[in-house]
Protein chains: 2
Amino acid sequence: MATYEHTIKVFDDEIGQLRGLIAQMGGLAEQAIGDAIEALKRHDLETAAEIVRNDKKIDQLEVQAEELAVRIIALRAPLADDLRDVVAALKIAGVIERIADYAKNIAKRTPLIDSHSEIEPLSVLPAMAALAIEMVHDVLDAFAARDPEAAQQVCARDRAVDDFYNSLFRVLVTHMMENPATIGQVTHLLFIAKNLERIGDHATNIAEMVYFAATGTHMAERDRGAFVTRQGE
Amino acid sequence: MATYEHTIKVFDDEIGQLRGLIAQMGGLAEQAIGDAIEALKRHDLETAAEIVRNDKKIDQLEVQAEELAVRIIALRAPLADDLRDVVAALKIAGVIERIADYAKNIAKRTPLIDSHSEIEPLSVLPAMAALAIEMVHDVLDAFAARDPEAAQQVCARDRAVDDFYNSLFRVLVTHMMENPATIGQVTHLLFIAKNLERIGDHATNIAEMVYFAATGTHMAERDRGAFVTRQGE
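Just so you know, the residues in each chain are numbered from 1, in the order the chain's sequence is written. A letter from A marks each chain and a number from 1 marks each ligand, given out in the order of writing. With pLDDT at 70 or above as the cut-off, local features in this predicted model cover only qualifying residues; side-chain atom pairs require 80 or more to be listed or tallied, and sums for whole chains, interfaces and linings still use all residues. Note: side-chain values were computed over all heavy atoms of the structure, leaving out hydrogens and water.

1. Regarding the overall build of chain A
Helix and strand definitions follow DSSP, with helices as H or I runs of at least four residues and strands as E runs of at least two, each counted in order from the N terminus. From N to C terminus, chain A includes six helices and zero strands. The C-alpha extent of chain A, read off along each of the three principal axes, is 75 × 40 × 20 Å. Buried residues in chain A amount to 52% of all 233 residues. Within chain A, residue pairs in contact and separated by at least 24 positions form 85% of the contacts whose partners lie at least 6 positions apart. Residues scored as positive are Lys and Arg, those scored as negative are Asp and Glu, and His as well as the terminal groups of each chain are ignored. The location of each charge is read from NZ of Lys, CZ of Arg, CG of Asp or CD of Glu. One way to put it: in chain A the 24 positive side-chain charges average out to a point 3 Å from where the 38 negative ones average out. Here's how the labels work: a residue is buried when its accessible area is under 20% of the maximum for its type, exposed when over 50%, partly exposed in between, all with a 1.4 Å probe on protein chains only. A contact between two residues is defined here by any heavy atoms of the two lying within 4.5 Å.

2. Some thoughts on the packing of aromatic side chains
Only Phe, Tyr and Trp rings take part, Trp by its six-membered ring, and two of them pair if their centres are within 6.5 Å. Stacked means planes under 30 degrees apart, edge-to-face means over 60, and tilted covers everything else. The full count for this structure, using the stated rule, is three aromatic pairs over all chains. Between the aromatic rings of Y165 of chain A and F169 of chain A, the centroid separation amounts to 6.1 Å while the plane-to-plane angle is 50°, which identifies the pairing as tilted. Residue Y165 of chain A and its partner F169 of chain A are located together in helix 5 (residues 148–178), separated by four residues, close to a single helical turn. The residues Y165 of chain A and F169 of chain A share a single accessibility class, namely buried. Positioned above the aromatic ring of F191 of chain B is the side chain of K194 of chain A, whose terminal nitrogen or guanidinium carbon lies 5.9 Å from the ring centre. Placement of a charge over a ring requires the Lys NZ or Arg CZ to be within 6 Å of the ring centre, with the centre-to-atom vector within 35 degrees of the ring normal.

3. What to know about the UniProt feature "domain: PhoU" (unreviewed entry) in chain A
All names here are of chain A. UniProt positions are given in the numbering used here, feature names are shortened, and annotations may be inferred rather than shown by experiment. Sequence positions flagged by UniProt for "domain: PhoU" (unreviewed entry) are, in local numbering, residues 22–110 and 127–210. Within residues 22–110, the helical portion is 93% and the strand portion 0%, while the C-alpha atoms at the span's ends are 28 Å from each other. Counted over residues 127–210, helix gives 92% and strand 0%. Its end C-alpha atoms are 26 Å apart.

4. A look at the environment of A23 of chain B
Residue and element names in this part refer to chain B. On the secondary structure map, A23 appears in helix 1 (residues 2–42). Note on A23: relative accessible area 52%, which makes it exposed. Each C-alpha atom of the pair A23 and V173 lies 38 Å from the other, and the pair is 150 residues apart in sequence.

5. Examining the relation of the copies chain B and chain A
The superposition of copies rests on a least-squares fit of C-alpha positions from residues with pLDDT of 70 or more in both. Superposition record for chain B on chain A: RMSD 0.0 Å, screw rotation 180°, translation along axis 0.0 Å. Taken together, the rotation and translation describe the operation of a two-fold axis. Scanning chain B for the C-alpha nearest the rotation axis identifies A74 of chain B, at a separation of 2.5 Å. Most of the interface of chain B is mirrored in chain A: 100% of its interface residues are interface residues there too.

6. Quick word on the interface of chain B and chain A
As a measure of interface size, the accessible area lost when the parts come together is often cited. On the chain A side, the residues contacting the 34 residues of chain B number 34 residues. A carboxyl oxygen of Asp or Glu within 4 Å of a side-chain nitrogen of Lys or Arg is what we treat as a salt bridge. For the pair chain B and chain A, the number of links is two salt bridges. Note that K91 of chain B and E66 of chain A form a salt bridge whose closest N and O atoms lie 2.5 Å from each other. Per-class residue counts for the side of chain B that touches chain A are 22 nonpolar, five polar and seven charged. Polar here means any residue other than Ala, Val, Leu, Ile, Met, Phe, Trp, Tyr, Cys and Pro, which are nonpolar, and Asp, Glu, Lys and Arg, which are charged; Gly is therefore polar.

7. A look at unusual backbone geometry
Its identity is not glycine, yet H43 of chain A carries a phi of approximately 50°, on the positive side. Along the chain, H43 of chain A turns up in the loop between helix 1 (2–42) and helix 2 (45–76). For H43 of chain A, a relative accessible area of 23% translates into the label partly exposed. With a phi close to 50°, R146 of chain B is a non-glycine residue in the positive phi region. Relative to the assigned elements, R146 of chain B resides in the loop between helix 4 (125–144) and helix 5 (148–178).

8. Looking at the pattern of salt bridges
What the rule picks out here adds up to 30 salt bridges over all chains. Taking the shortest distance from any N to any O, the salt bridge between D85 of chain A and R146 of chain A comes out at 3.1 Å. Taken together, the residues span a long stretch of sequence, with D85 of chain A in helix 3 (residues 80–109) and R146 of chain A in the loop between helix 4 (125–144) and helix 5 at a distance of 61 residues. Notably, a salt bridge pairs D81 of chain B with R84 of chain B, separated by 3.5 Å at the nearest N-O pair. Of this pair, D81 of chain B and R84 of chain B are both found in helix 3 (residues 80–109), three residues apart, which corresponds to roughly one turn of the helix. Put simply, E38, K41, R42 and D44 of chain A are held in one network by salt bridges that share partners.

9. Some remarks on helix 6 (residues 183–215) of chain A
How far a helix is expected to stretch is found by multiplying one less than its residue total by 1.5 Å. The first and last C-alpha atoms of helix 6 of chain A sit 48 Å apart over 33 residues, in line with the 48 Å expected at 1.5 Å per residue. Downstream of helix 6 of chain A by one or two residues, G216 of chain A has phi in the positive range, about 80°.

10. Topic: the nonpolar core
Nonpolar side chains in soluble globular proteins generally cluster together in the buried interior. Membership of the largest hydrophobic core comes to 163 residues, with the highest contact counts inside it found for I92 of chain A together with I92 of chain B. Here I92 of chain A is in contact with I22, L140, F143, I206, M209 and V210 of chain A, once residues within four sequence places are set aside. Nonpolar core, defined: a set of buried Ala, Val, Leu, Ile, Met, Phe, Trp, Tyr and Cys residues in which side-chain atoms within 4.5 Å join the residues together.

11. Overview of the side chain of E62 of chain A
Tracing the backbone through its elements, the reader meets E62 of chain A in helix 2. Although E62 of chain A lies buried, it forms no salt bridge, and the closest oppositely charged side chain, K91 of chain B, sits 5.1 Å away as judged by the N-O distance. Beyond its immediate sequence surroundings of up to four residues, E62 of chain A is in contact with M25, A93, G94 and E97 of chain A.

12. A few points about the environment of Y211 of chain B
Residues and elements named next belong to chain B. Position of Y211 among the secondary structure elements: in helix 6 (residues 183–215). Looking at Y211, the relative accessible area reads 14%, which means it is buried. If near-sequence neighbours (up to four positions away) are discounted, Y211 is found in contact with P148, A151, Q152, G216, T217, H218 and M219.

As structure tokens, then:
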């Protein structure tokens, strides 16, 4: 019995450690998105370069999370709920790493946007970014709290990010038509908007994983926010 | 001894089954990319819609591969080389699913490109797609053969796909400047070119996983083809 309790204790410690790594990755990813948009707005090339460098840290945390998750599965052979939890953590680490990559990509484009450009959509991106960051934040809270309802609510919000993107897409295309000289720069803004839209998609993916880990069933299609025919997707 | 041999036999069977799933996913993903570009060229909306539908099949295979990999890790507790192999398969399944998503995204954009458009870069995309498909094909061959050198060769080719993309990016931006009326459509071509470039990146990621699984060491930075400052990335 003592050994059994010890095993459970070790397992709980390891799961806690794994969840800690995910939380740490999530915090860094959120910050990277916010900083990237802020650096873009202020044409702050130093911060942009720092975001690119810091991405390595998130990559390393992902490697750690993966190793820990695999070790837990191999050594503790967790069953049902616990196994779903560990596999979810393993996958979520991978998705956060990709979310951070999108932030890095935004940072990499910062030097390519003219510091004096007064492209109006540039002022809309921060609001879209705030929405995407909120989704990432809330879905990781849902994961920490093992809360399937909170995960569903995050999915519902992906629609708003998509609408933002679709409207920005139209605005940017119109802007290019009216100001052909800015086309090179505006295409970068288009990719940046796309990156934020993809961050929303990835938050939705995490929400599905959280829901499955917590309930053992897949989220109903209509709650997922994955629509087949979105303009410009 | 008989039981030990039996265990090894079961393990080998399961690994074989896992590798079979990966090969099947890879074949479908390669076909989806090729078909998507072909459908785009011919403005074949029916084929494009079919590619979008068929993507579900790849998603299902990924779920199967993941379940099998987790089962192998939990029940067989493989060590060192074998564990690396199973974890690589688990991750590669995830990357192939994303590669197929890019093909799906190309298919989704097909209805948005005018059937009568004579945008010249449209004729360059098939060559770029062929290169990307070849990378995916060869890296999965490298995985099947557990061949780290072949994996390295795939990485070296990512540079060519990037060069293709960068040159297309410039051509498309110029085209937009000279023909503002086509901007809406050309932005979709820009995203399609970007998707192909990302497929090359993902093939490179798989190559790194194959290399690590086969050797236990990470590929040297210079062989990876991951360059920090690419225009338009």
